[in-house]
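In case you want the letters, here they are:
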Protein chains: 4
Amino acid sequence: MKILVTGFDPFGGEKVNPSFEAVKLLPNTIAGAELVAIEIPTVYFKGSEAVENAIKQYKPDVVLCVGQAGGRSVISVEKVAINLAEAIIKDNEGNQPNDQQLKADGENAYFTTLPVKAMVNNIRKHGIPANISYTAGTFVCNNVMYDLLYLINKKYPEIKGGFIHVPFSPEQVVGLASNSPSMPVTMVAKALEYAIEVIVTKVDEYKEAMGAID
Amino acid sequence: MKILVTGFDPFGGEKVNPSFEAVKLLPNTIAGAELVAIEIPTVYFKGSEAVENAIKQYKPDVVLCVGQAGGRSVISVEKVAINLAEAIIKDNEGNQPNDQQLKADGENAYFTTLPVKAMVNNIRKHGIPANISYTAGTFVCNNVMYDLLYLINKKYPEIKGGFIHVPFSPEQVVGLASNSPSMPVTMVAKALEYAIEVIVTKVDEYKEAMGAID
Amino acid sequence: MKILVTGFDPFGGEKVNPSFEAVKLLPNTIAGAELVAIEIPTVYFKGSEAVENAIKQYKPDVVLCVGQAGGRSVISVEKVAINLAEAIIKDNEGNQPNDQQLKADGENAYFTTLPVKAMVNNIRKHGIPANISYTAGTFVCNNVMYDLLYLINKKYPEIKGGFIHVPFSPEQVVGLASNSPSMPVTMVAKALEYAIEVIVTKVDEYKEAMGAID
Amino acid sequence: MKILVTGFDPFGGEKVNPSFEAVKLLPNTIAGAELVAIEIPTVYFKGSEAVENAIKQYKPDVVLCVGQAGGRSVISVEKVAINLAEAIIKDNEGNQPNDQQLKADGENAYFTTLPVKAMVNNIRKHGIPANISYTAGTFVCNNVMYDLLYLINKKYPEIKGGFIHVPFSPEQVVGLASNSPSMPVTMVAKALEYAIEVIVTKVDEYKEAMGAID
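Residue positions are given per chain, counting from 1 as you read along its sequence in written order. Chain letters and ligand numbers both follow the written order, the letters beginning at A and the numbers at 1. Where local features are concerned, this predicted model is filtered to residues with pLDDT of at least 70; where side-chain atom pairs are given and counted, the filter is 80 or more; whole-chain, interface and lining totals use all residues. Processing note: side-chain calculations cover all non-hydrogen atoms of the structure and skip hydrogens and water entirely.

Draft legend 1. Local environment of the interface of chain A and chain B. Taken together, the contact between chain A and chain B spans 18 residues of the former and 18 residues of the latter. Accessible area that two parts lose when put together, with a 1.4 Å probe and added across both, is what the buried area reports. Counting each side, the surface lost to burial between chain A and chain B is near 1400 Å², with a carbon and sulfur contribution of 60%. When residues of chain A are sorted by the area they lose upon contact with chain B, Pro129, Val174 and Asn179 of chain A head the list and together hold 31% of the total. We count a salt bridge whenever a side-chain nitrogen from Lys or Arg sits within 4 Å of a carboxyl oxygen from Asp or Glu. At the junction of chain A and chain B, the tally comes to 0 salt bridges. Between N or O atoms, a polar contact is any pair within 3.5 Å; within protein, one atom must be a potential hydrogen donor and the other a potential acceptor, and residues adjacent in sequence are included only when both atoms are from side chains. Between the two partners, chain A and chain B, sit 6 residue pairs in polar contact (both at pLDDT 80 or more). Strands here mean DSSP runs of E at least two residues long; helices mean DSSP runs of H or I at least four residues long; both are numbered from the N terminus. Tallying contributions element by element places helix 5 (residues 170-173) of chain A first for the side of chain A that touches chain B, with 3 residues. Under the scheme applied, nonpolar residues are Ala, Val, Leu, Ile, Met, Phe, Trp, Tyr, Cys and Pro; charged residues are Asp, Glu, Lys and Arg; polar residues are all the others, including Gly. Here the side of chain A that touches chain B is built from residues that sort into 10 nonpolar, 6 polar and 2 charged. Only heavy atoms enter the contact rule, under which two residues are in contact if any of them lie within 4.5 Å.

Structure below.
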C-alpha cells in the first residue's frame, strides 16, 4: 500500500507551517505501507493541483492532506469539505475569493472516506488530544480537501482520502501577546503516524473483504 | 548553589500531576547548580509545611515550586501570591477554605524574588510559549507560593523563591469533550530547565555583586 | 410575505432555550412581512417534522429556524447543513445517533438559501456581534436545518430557508463555574429582527426581478 | 450615604469605554444612597489623582471604580490590587511603565473593603453573570484600584472602596474578526446597580453595628 501525505508551505506571515514540518518527520513506512510526503502551496486551486499531480505520479492508495488550524488546541480530523471558497486573508498568491463555488459540477460537500473515529481513537489511545471536526473552514485547506474528494469521486474511486488540521507549533506562538494553544511538531508527527497506522489497517481489512489484491 | 524544586501530587480527580511529572525529569545539575526535587501534597498548609521541612533539610539557595494550572495554554511564571485561601473544590484532605487568611502576621501579598522576565524570556528563546502571570489563584498553589515567600521574608532572607504554573499534560485532556489546551511534560521539563538556568546566572551575578562566597 | 420562525424547547438539562425565548419576543410583522412563531421539539426528526407541518399549515415564503449554541459569543448565521447525525448527549427523547445519515436520498450538504452576508451585516450595523458559521454541528439543530433545506430542495423550491444559532442567555450561565459567554434574549430578538428585515428586502427584490406577484 | 462611582475614558484605540457608558446610566440614588458619577482619565497616576480630587470634593462613604476588561465574558468584582505597574500598551498620555512600583511606602497589595461575595451573589440573583476576580492586571485599572485602597488605608479609613471590571460592549466587538464576548452597557449598568444595592445594605449594617450615625 502507498500513502501520499501532503503539508502546506507557510502562509499568513508565518515562517513555518507545522503541517509540513510534521509531515517531514514521518517515517518512510508505517504498518507496512510506503509513505510519500510532499509540500503543496497555500494557494487556491494550486494546492489541489499539486495533489492531483502527485496522485498521477505516485498512484497512492490513500491521500492524507494536513494543514494548520491556528488557535485550535488539539489534532482535528476533518469529516467534511464544502463547495465554497471565502477568505478573510489573502492566500500566497494574493487570491481572496468571496463566496465562490469551488467546482461547478461538484456536490455541495463531500465526506472523507477515511475512518475518522478510528483515527481519533488511535491518536487518543497514545495520549495525544484529538477530535473530529465538522468544518475545515473556507480557506485553502477546505479547498484542497474538497478538490481531493471531488477527484476521488469523479476519477479515482479506488483511492481513500481525507484531511487533518493541526495546531500552531510552540515556536509560532512564542511571541504572541495572546496565550494561543500549541502542540510540538514532534507530537503532531506522532499523531499523524497513529492516524495513518489505523488507516492502513482499515484499508487492508476493506480490501480483503472486497477480494482485492494489493 | 543548590536549588529545591517541588511538584504536587495529583488532585481534583486527576491521575497524574504534570508539575511533579515534569520536575522528575529534571537533570541533577543545571548550569552548575545542584537540584533537589521533591513531591509535596495538594493540601492547604501541608504543602507549604513540606516545603519548609525540605528547606531545613537541604538548605537551598533557591526554591522553585511548580503547580498545575489546568486550562492555561502556556508556562506561566507567577509574579505574586496573596494572603487568601478560597476553594471551589476540596483539597486532598477535604479542606475547602472560604475567604480565609493564610497568615495573620503576613503581608497582603508577596512578590516573587525570582527574575520572572528573564525566566520568561529564556523559556521563549528556546521556543516554548511562556508568560508572566499576576494571579496564582487562591487554591493550594497560591498557598504554597505565599507561605514560601512569607518564610523567606521572615526567616530565610538569603533564599530566593518563586512559583511556575504549568498546563495540563496531553494525557489529562485526551478524554475531555472540551478541547482543553495542553503541553507535553517533556516540554514543560525543558521550560523549567531554561527557567532555572537563568535563575542560576542571575543569583550568581547577584552574589558576586554582594561579595558573597558561594 | 409570510415568515415562519421556529425556536427549540429546552434540552441538555437547561430550563429555558434562548432560541424560543427570543422568537417569542418578535413582533407580528417585520418590514411588512407577517411572522408566525412556533416552538419545535429538540428531538431528532421530530423537530423537522414539526417544521414541515407548520410549512403545510402556514404556507410561508421564508422559514428561519433558530437554535441554541452554548459557548458561542455571537449570533451565528449558518451557511450549510450536512447529511449527518452524531450526538454526544441524548436528545429530549433519549436518541443518540452515531454517524447516521439524515436522508438516504439527500445531498451530502445543503447551503442555506438566505442571504447570510447581508443578514450578518445588518445585525452588526445595529451594534450586535454576529458572524457567518460554517458548521451547525451534528445534533438536532443541524438535523432541522438539513431537513428544511432538503424539503425546500425536493418539494418547496419557492421557499427560502436558513438557520441562526444564538448564544446562551445570561440566566443560563449565571451559576456556571466557568465564565461562559452569553447574550441577553432581548438582544438576540433584535438580532433576529434585523436578520429578518434584510431577508424580507432581499426576497422582495428577488421576487420583483422574477416577475413574481406576492 | 454617598457613593462615588468612576468610569474611564476610552483607550487602546477604542471609541467608547463601556465602564463610563454604564456608569452614566446609573440612577441618582440606589437603596437610599446618593450617587456621584465621574469620568477619569486612562493615564497612570492621573486616574487615581482624579479619584482623590473627587473624594475631597464629594466626601463619599464608598468609592466604586469601574473599568473595561476586554475579552472577559462576565462582570468581575476585583478582590485585590497589587503594587505594580507594567504595561504592554501605552496609556492615553504615552506612558508604558516597566516593572515599576506604584507607591514606595505602600503595601505589596491591598484587598478591597467592599463585600465582593455579596456583590457577586446579588448580581447573579438578578440573572447577570458575575465572578470574583483575583487580578486587576497591571495597567491603569489596577493602578486606580491600588491607589484608592492605599489612600483609604493611609488617609480615609472610614471610606469603603473597590473595583469592578466589565466586558467589552457589543458595539466594540462588532467589527472584530475574532468572536470576542461582550455585554450590553444597559446590562452592565444593572449589574453595577445590584452591586451598589448590596454595598449600601452592608455598609448600613456595619455602621449600625459600630454605633455610627449616618
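The structure having been displayed, the exposition proceeds.
Draft legend 2. Summary view of the interface of chain C and chain A. Listed as interface residues are 17 residues of chain C and, on the opposing side, 17 residues of chain A. Approximately 1500 Å² of surface area, both sides summed, lies buried where chain C meets chain A, with 58% of it carried by carbon and sulfur atoms. Looking at the side of chain C facing chain A, the largest losses of area belong to Asn108, Phe111 and Tyr134 of chain C, adding up to 38% of the total buried there. At the boundary of chain C and chain A, one finds 4 salt bridges. With a shortest N-O distance of 3.2 Å, Lys79 of chain A and Asp99 of chain C are connected by a salt bridge.

Draft legend 3. Highlighting the confidence of the model for chain A. The pLDDT score gives, residue by residue, the confidence of the prediction method on a 0 to 100 scale. Looking at chain A, pLDDT values average 95 and 96% of them are 70 or higher. Overall fold confidence (pTM) sits at 0.94, and the ipTM for the predicted complex is 0.94.

Draft legend 4. Fine view of the pattern of salt bridges. Residues and elements named next belong to chain B. Here the structure, examined in full by the defined rule, presents 28 salt bridges over all chains. When the shortest N-O distance is used, the salt bridge between Glu21 and Lys24 registers 3.5 Å. Highlighted residues: Glu21 and Lys24, both in helix 1 (residues 18-24), separated by 3 residues, approximately one helical turn. Under the scheme applied here, a residue whose accessible area is under 20% of the maximum for its type counts as buried, over 50% as exposed, and between as partly exposed, the area being computed with a 1.4 Å probe on protein chains only. Since its relative accessible area comes to 26%, Glu21 is described here as partly exposed.

Draft legend 5. Structural detail: the environment of Val120 of chain D. All names here are of chain D. Summarising the element assignment, Val120 is placed in helix 3 (residues 116-125). Judged by its relative accessible area of 4%, Val120 is buried. Each C-alpha atom, one on Val120 and one on Thr135, is 16 Å from the other, the two residues being 15 residues apart in sequence. The residues contacting Val120, other than those within four sequence positions of it, are Val77, Ala130, Asn131 and Ile132.

Draft legend 6. Highlighting the relation of the copies chain A and chain B. Superposition of the copies was done by least squares, using only C-alpha atoms of residues whose pLDDT is at least 70 in both. For the pair chain A and chain B, the best superposition has an RMSD of 0.0 Å and corresponds to a rotation of 180 degrees with a translation of 0.0 Å parallel to the axis. In short, the pair behaves as if placed about a two-fold rotation axis. Ranked by how close their C-alpha atoms come to the rotation axis, the residues of chain A are headed by Pro181 of chain A, at 2.8 Å. Here 100% of the interface residues in chain A have copies in chain B that are interface residues too; the copies meet face to matching face.

Draft legend 7. Representation of the sheet that holds strand 5 (residues 75-78) of chain B. Residues and elements named next belong to chain B. In this description, strands pair whenever DSSP reports at least two bridges between them. In spatial order, the strands read 2-3-1-4-9-5-8; together these 7 strands make up an open sheet with mixed pairing. Of all the strands in the sheet, the pair left with one neighbour each is strand 2 (29-30) and strand 8 (130-133). Both strand 2 and strand 3 (residues 33-40) contribute to a ladder of 2 bridges, which runs antiparallel. Bridge pairing in strand 3 links Thr29 to Glu34. All axes are obtained by fitting lines to C-alpha atoms, using only the stretch in contact for helices, and the reported angles, taken between N-to-C directions, cover 0 to 180 degrees. Across the sheet, helix 2 (residues 46-58) touches strand 1 (2-8), strand 3 and strand 4 (62-68), and the angle it forms with strand 3 is around 150 degrees. Running over the sheet, helix 3 (residues 116-125) touches strand 4, strand 5, strand 8 and strand 9 (160-166) and is turned about 160 degrees from strand 8.

Draft legend 8. Structural context of the state of the cysteines. Residues and elements named next belong to chain A. The term disulfide is used for any two cysteine sulfur atoms that are within 2.5 Å. On inspection of all chains with the given rule, the structure shows 0 disulfides over all chains. With no disulfide of its own, Cys65 has Cys141 as its nearest cysteine by sulfur position, at a separation of 9.3 Å. Accessibility expressed as a relative area gives 0% for Cys65, which makes it buried.

Draft legend 9. A look at the environment of Ala109 of chain B. Mapped onto the secondary structure, Ala109 of chain B falls in strand 7 (residues 109-111). You can call Ala109 of chain B buried: its relative accessible area is 0%. Along the primary structure Ala109 of chain B and Leu84 of chain B are separated by 25 residues, whereas in three dimensions their C-alpha atoms are 8.9 Å apart. Every residue in contact with Ala109 of chain B, bar those within four places of it in the chain, is listed here: Val80, Ala81, Ile82 and Tyr146 of chain B together with Asn108 and Ala109 of chain D.

Draft legend 10. Quick peek at the side chain of Asn83 of chain B. Residue placement: Asn83 of chain B occurs in the loop between strand 6 (80-82) and strand 7. A distance of 2.7 Å separates a polar side-chain atom of Asn83 of chain B from the backbone nitrogen of Leu102 of chain B. Side-chain polar atoms of Asn83 of chain B contact the backbone oxygen of Lys103 of chain B, separated by 2.9 Å. Excluding residues within four positions of it along the chain, Asn83 of chain B makes contact with Gln100, Gln101, Leu102, Lys103, Gly106, Glu107, Asn108 and Tyr146 of chain B together with Phe111 of chain D.

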